[in-house]
Amino acid sequence: RFAGGLRVDGEVVGGIEAAEGASASTLVLSEHARVEGPVRVAHLVSNGTVVGAVTVSESLEMQSKARIVGDVEYAIVEMHQGAVIEGRLLHRYS
């Protein structure tokens, strides 16, 4: 759990989630990052890999090397060419 911002450059086995009421939380995953577990944040900027469900209450930006293997719940999504989602997309109304 975190509040504010968090950048991951390595591997995380387990979930990552913003603390309760952290509507301004931002998670940044570098191209070397790998998360094996669910992710639940307000904003996600990813160039790495997530294996697990992703829930983003505000915005999701997937850069060219980003990969998500799991279902994605989002409000706004931006995908750069080369980004991959292997799972279902569920639009979440704000």
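Conventions and cut-offs
Residues numbered from 1 in each chain as written. Predicted model: local features only at pLDDT ≥ 70, side-chain atom pairs only at ≥ 80, totals over all residues. Heavy atoms only, no water. Helix = DSSP H or I, 4+ residues; strand = E, 2+ residues; numbered from the N terminus. Rg over C-alpha atoms; globule rule 2.2 N^0.38 Å. Salt bridge = Lys/Arg side-chain N within 4 Å of Asp/Glu carboxyl O. Buried < 20%, exposed > 50% of the residue type's maximum accessible area, 1.4 Å probe, protein only. Core = buried A, V, L, I, M, F, W, Y, C linked by side-chain atoms within 4.5 Å. Contact = heavy atoms within 4.5 Å. Pairing = 2+ DSSP bridges.

Draft legend 1. Focus on the overall build of the protein chain. When you go through the protein chain residue by residue, the secondary structure sums to zero helices and 13 strands. N-terminal to C-terminal, the α/β element order of the protein chain is β-β-β-β-β-β-β-β-β-β-β-β-β. For 94 residues, the compact-globule estimate of 2.2 N^0.38 gives 12 Å, and the protein chain sits close to it at 12 Å. On the principal axes, the C-alpha backbone points of the protein chain span a range of 30 × 30 × 20 Å.

Draft legend 2. Up close: the pattern of salt bridges. The tally for this structure, following the rule as stated, stands at seven salt bridges. Between Arg 7 and Asp 9 there is a salt bridge; the shortest N-O distance is 3.0 Å. Its relative accessible area of 53% is what places Arg 7 among the exposed residues. Ionic pairing is found between Arg 67 and Glu 86, a salt bridge with its closest N-O pair at 2.5 Å.

Draft legend 3. Local environment of the nonpolar core. Counting residues in hydrophobic clusters, the biggest one holds 21 residues, and the most contacted among them are Leu 27, Leu 29, Leu 44, Val 54 and Ile 68. Per-element accounting of this core gives the leading share, four residues, to strand E8 (residues 54-62). Ignoring anything within four residues of it in the chain, the contact list for Ile 68 reads Val 50, Gly 52, Val 54, Leu 60, Met 62, Val 84, Ile 85 and Glu 86.

Draft legend 4. Summary view of the pairing of E8. Where strand E6 (residues 39-46) and E8 come together, seven bridges link them in parallel fashion. Looking across to E8, one finds that Val 45 is bridged to Glu 61. Relative to strand E10 (residues 72-74), E8 is paired through two bridges, and the arrangement is parallel. When the bridges of E10 are listed, Val 54 appears paired with Val 72. As defined by bridge partners, E8 adjoins strand E11 (residues 76-79) across four bridges and the pair is classed as parallel. When the bridges of E11 are listed, Met 62 appears paired with Met 79.

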